[in-house]
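Examining the three-dimensional arrangement
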Amino acid sequence: MFGNMPSLKQVRCSDWPVGLGLALLALALYITTLAPTVLEADSGEFQFVPWLPGIAHPPGYPLYILLGWLWTHLFPLGEVAWRMNLLSAVFAAATISLTYVVARQLLDMTLPDTPLPARLISAAIAAAAFAISPTFWSQAIVAEVYALHAMLMALILYLALQLRGNARVFSFPNLNSWPAKCLTFAFAVGLTHHLTTILLLPALVLFLLWPAGPNIAAARKSPHSGEAKKSREPARTLFVHGILFISPLLLYLYLPLIAPSTPYATLALSDHQILTLYDNSLAGFLRHVTAMVFAGELQPDAVEISRVVLVWQLLQQQVGWLGLILALAGLLTLWLRQQFDLLVLTGLGSLGFLLFNLIYFIGDVFVLFIPIWLLVCLWMGLGSLGLAHWLAGSFVRRKAGPPQARPVFGEMEQRLGQKIYRMLVVGLVSACFLLAVLPMVTRNWAVVNQKNNTAARERWSEILAQPIPTGAVLLSNDRNEMMPLWYYQYVEGRRPDLLGLFPLIVPDPAYANVGLVLDQALASGRPVYLIKSMPGLSLKATLVQEDALYRAAPDPTLPPHRYEVVFSGVTSESNQSESVKLLGHDLSAERVLPGDEIAVTLYWQPEQVLSVDYTSYVHLLNSEGQGVTQNDHLPGGVFYPSSRWQIGEILRDRHTLTIPANTLPGRYRLRVGLYYQPEPGVMVGLGGGVEIGQVSVLTSE
């Protein structure tokens, strides 16, 4: 079996052309669905950072940034944003070619006795299934790092299989061989690009050191057995591999070298408010390349069954039910064929990524499953051929009768049986391709297609066309929404005087949420605009809509009706006492008619950090204490709820009440308070409600 392992020359001659054809088809698919212009989120960042070049968010992705710089400057077609989207498509297409070759290696190692056309189609199934899996496809048509990450993962698998081809015969990989040196270098390049590459290391090492098969004794007698001899200079071998491993990692030195010329490494909000996005010191460098800012997202204790269900749902989305069956058949084929080393590489490799993703609670964790989906698609290729081989073999054996009866068959009958077997295998594998892969193209097309995604360009074209004052601050609660502005500033030079701010722009508690960022922006003395409606921020500032923007200004007013009432209590969440002071209120009218609206503005001041999001209420009661009308809402909404309030700040909470048309004339009392809901249908008050005044309802006649 091991003698059927294709040589590198054979792979180059027979497989690379087919792989190239699949890559071109994939590239055509990706270009057809490619995002045409600037995007939000990380894609928006990766559209302007390589152009400069600058520094990307941790861990910095220096390889991707430098390749992107070369690509955008040497390929001067279309706008820069589109070029970076196209670069992902190119990387993704190259990944499909590599995936096909890796699948061919696995098939030749596992099922060498099957017809060659069937192996070609099965490898194509693996490559095509991965090409159109929705998560990988979605990353192939936008500026992102995951297409390059997948390409490097496929390259590592290819080189590992090449090296293992010798290790299977000679018991230990020849570290002086070119596959060994290339594997070390490729792994280091992968680690330089994306830190999660390290998750493949345990499977990779165990795979390469797995005991050789039963043919080892005969192989050692072969004329090539000299390759199995250990190097007489182990120190030199280790030194060479050390150099090959360290060299790509030196690309991280790009970060401190480029930092002085990166325009956003530091941003000046005012003379005394300097934002340091990249700390160009040794400590800052280490924090950046190790992505310490995301360390808090590793939460092993937070894993619940819902997380496992999410993984299952994502898997179904990638390959469908038939793909799952084929993948399971692929694992079974490896087991039945005693390809335990390949089971270690693919099974333990996918398990490493799975366990990490289960405990890593970032919002876009789904993209980190791409290496797993690559391995699942390789199992699909194995499963399609394994099933076809078993079904065809069973059919031919059943028609040929029991073994003792087979000698009566002549040479013609035996050839006919072999021909039927080959036809069945090829036909069944082709059916798997048609049923498992092709329907996924149309199903996933509508999900991932980005060719009409011009929303970010249209939105920011409208914003930047407005007469925004020089030096204004544009504010959002979402970093993702701000990246197109930075693209237009740093790539096209539009309105470089504006400053885009968002929460966590720097790792400083003063910028932890949008309310605090608004405070910092207002304190700078610069004009401040919200780029979208964020009603909850009216607690902290006066907001006036100006076309697509909202001008924010500090509100120095104090309540006309001033007093101090403390609301306090112990919450079940924190099991500690919490208190909020009501400083007074403002009432738009004390004499109203039925059907009128009145505005009641409450002025809150937290005395402690609050652990829950409270609901405030204003109730209008009659003389018997019965409610006539009321308004309950979450002060600050989703943008600045009470759990984000700061000790000592004054917050204006506006309630609007409508007097029912059938309200009788008389005097009515206003009662206000706070409560929270630990669970649906349960309300727990923070202290009791208090009455703050009266409203007279007049006769409408």
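Residues numbered from 1 in each chain as written. Predicted model: local features only at pLDDT ≥ 70, side-chain atom pairs only at ≥ 80, totals over all residues. Heavy atoms only, no water.

Let's shift gears to the overall build of the protein. What the protein contains, in helices and strands, is 21 helices and 17 strands. Looking at the protein residue by residue over its 701 residues, the buried ones come to 51%. Pairs at least 24 residues apart make up 74% of the contacts formed inside the protein by residues separated by at least 6 positions. Accessible area for the protein stands at about 31,200 Å²; split by element, carbon and sulfur atoms hold 62% of it. Mean positive and mean negative side-chain charge positions of the protein (44 and 46 charges, respectively) differ by 19 Å. (Helix = DSSP H or I, 4+ residues; strand = E, 2+ residues; numbered from the N terminus. Buried < 20%, exposed > 50% of the residue type's maximum accessible area, 1.4 Å probe, protein only. Contact = heavy atoms within 4.5 Å. Areas by Shrake-Rupley, 256 points an atom, 1.4 Å probe, with all protein chains shown as cover. Lys, Arg positive; Asp, Glu negative; His and termini not counted. Charge placed at Lys NZ, Arg CZ, Asp CG, Glu CD.)

Another point: the pairing of strand E14 (residues 651–658). Every second residue of E14 is oriented toward a common face, the buried set being Leu 651, Asp 653, His 655 and Leu 657 and the non-buried set Arg 652, Arg 654, Thr 656 and Thr 658. Bridge count for strand E11 (residues 597–606) against E14 is 8 bridges, and the pairing is antiparallel. Following the sheet pairing, Thr 601 is matched in E14 by Arg 654. (Pairing = 2+ DSSP bridges.)

For the rest of this paragraph, the subject is the sheet that holds E14. Spatially, E8-E9-E11-E14 is the arrangement adopted by the 4 strands of the open sheet, whose pairing is antiparallel. The open sheet has two free edges, formed respectively by strand E8 (561–570) and E14, since each of these has just one partner strand. In this sheet, neighbouring strand axes are inclined to one another by 30° on average, regardless of whether the strands run parallel or antiparallel. (Axes fitted to C-alpha atoms, helices over the stretch in contact; angles between N-to-C directions.)

To continue, consider the confidence of the model for the protein. Taken as a whole, the protein shows an average pLDDT of 88; of its residues, 90% reach a score of 70 or greater. Throughout residues 1–12 the model reports pLDDT below 50, and contacts reaching past four residues in sequence, or to other chains, amount to 27 contacts. For the stretch residues 214–231, pLDDT sits under 50, and the model shows 19 contacts to residues farther than four places along the chain or on other chains. (pLDDT = per-residue confidence, 0-100.)

Here we take up the packing of aromatic side chains. Within this structure, the stated rule accounts for 22 aromatic pairs. Ring centres of Trp 335 and Phe 340 lie 5.2 Å apart, and the angle between their planes is 70°; on these two criteria the pair is classed as edge-to-face. A relative accessible area of 54% means that Trp 335 is categorised as exposed. For Phe 340, a relative accessible area of 29% translates into the label partly exposed. Ring geometry for Phe 369 versus Trp 373: centroids 5.5 Å apart, planes at 15°, classification stacked. Overall, the relative accessible area of 2% leaves Phe 369 in the buried class. (Phe/Tyr/Trp six-rings, centres within 6.5 Å; stacked < 30°, edge-to-face > 60°.)

Next up on the list: the packing of helix H10 (residues 201–209) against helix H16 (residues 340–359). Orientation of H10 relative to H16, taken along the N-to-C sense of each, is 175°, at an axis distance of 8 Å. Here H10 lies roughly antiparallel to H16, going by the angle between them. Listed contacts from H16 to Pro 202, Ala 203, Leu 204, Leu 206 and Phe 207 of H10 are Asp 341, Leu 342, Val 344, Leu 345, Leu 348 and Gly 349. Grouping the amino acids of the contact of H10 with H16 by side-chain chemistry returns 9 nonpolar, 1 polar and 1 charged. (Parallel < 35°, antiparallel > 145°, perpendicular 65-115°, else oblique. Nonpolar A, V, L, I, M, F, W, Y, C, P; charged D, E, K, R; others polar.)

A separate point is the sheet that holds strand E4 (residues 499–501). Taking strand neighbours across the sheet as the criterion, the 5 strands line up as E4-E3-E5-E7-E6 in an open arrangement whose pairing is mixed. A strand with exactly one partner marks an edge of an open sheet, and here the two such strands are E4 and strand E6 (541–546). Strand-to-strand twist in this sheet, taken as the mean axis angle between neighbours without regard to direction, amounts to 30°. The pairing of strand E3 (residues 473–475) with E4 spans 3 bridges and is classified as parallel. Within the sheet, the bridge partner assigned to Leu 474 lies in E4 and is Gly 500. In the packing of helix H20 (residues 479–490) onto the sheet, contacts are made with E3 and E4, and the angle to E4 comes to roughly 160°.

Moving on to unusual backbone geometry. Note the cis peptide between Leu 52 and Pro 53, where omega equals -10°. The omega angle of the peptide bond from Pro 58 to Pro 59 is 5°, so this bond is cis rather than trans. Inspection of the secondary structure assignment puts Pro 59 in the loop between helix H3 (41–48) and helix H4 (62–74). One non-glycine residue, Gln 338, lies in positive phi territory at about 60°. Within the element layout of this structure, Gln 338 appears in the loop between helix H15 (305–336) and H16. Overall, the relative accessible area of 57% leaves Gln 338 in the exposed class. Positive phi values are uncommon outside glycine, yet Arg 495 reaches one of about 45°. Tracing the backbone through its elements, the reader meets Arg 495 in the loop between H20 and E4. Assessed through its relative accessible area of 21%, Arg 495 is described here as partly exposed.

Right, let's talk about the side chain of Thr 37 for a bit. Looking at the secondary structure, you find Thr 37 in the loop between helix H2 (16–32) and H3. Take Thr 37: its relative accessible area is 0%, and that puts it in the buried class. A distance of 2.5 Å separates a polar atom in the side chain of Thr 37 from a polar atom in the side chain of Glu 79. When neighbours within four sequence positions are excluded, Thr 37 is seen to be in contact with Gln 47, Glu 79, Ala 81, Asn 85, Asn 453, Thr 454 and Arg 457. (Polar contact = N/O pair within 3.5 Å; in protein donor to acceptor, adjacent residues only side chain to side chain.)

As for its position among the elements, Leu 674 is in strand E15 (residues 666–679). For the pair Leu 674 and Asp 613, spaced 61 residues apart in the sequence, the C-alpha separation amounts to 9.9 Å. Contacts of Leu 674, omitting those with residues within four sequence positions, involve Val 580, Trp 604, Tyr 614, Thr 615, Ser 616, Tyr 617, Gly 685 and Leu 686.

Bridge count between E6 and strand E7 (residues 549–554): 6 bridges; the pairing is antiparallel. Each bridged residue has a counterpart across the sheet, and for Glu 546 the counterpart in E7 is Leu 549.

Okay, the environment of Asp 596 next. Examined against the element boundaries, Asp 596 turns out to sit in the loop between strand E10 (591–592) and E11. Among all residues touching Asp 596, those that are not within four sequence positions of it are Leu 657, Thr 658 and Ile 659.

Moving on to the environment of Leu 29. Mapped onto the elements, Leu 29 comes out in helix H2. Counting along the chain gives 364 residues from Leu 29 to Gly 393, while the straight-line C-alpha distance between them is 37 Å.

In this section: the pattern of salt bridges. In this structure the tally under the stated criterion is 17 salt bridges. Here Arg 104 and Asp 108 are joined by a salt bridge, their closest N and O atoms 2.8 Å apart. Of the two residues, Arg 104 and Asp 108 are both situated in helix H5 (residues 80–110); the distance of 4 residues between them amounts to about one turn of the helix. The class of Arg 104 is buried, set by a relative accessible area of 5%. A relative accessible area of 2% places Asp 108 in the buried class. When the shortest N-O distance is used, the salt bridge between Asp 279 and Arg 287 registers 3.1 Å. Residues participating in the shared-partner salt-bridge network are Glu 40, Arg 459, Glu 481 and Lys 532. (Salt bridge = Lys/Arg side-chain N within 4 Å of Asp/Glu carboxyl O.)

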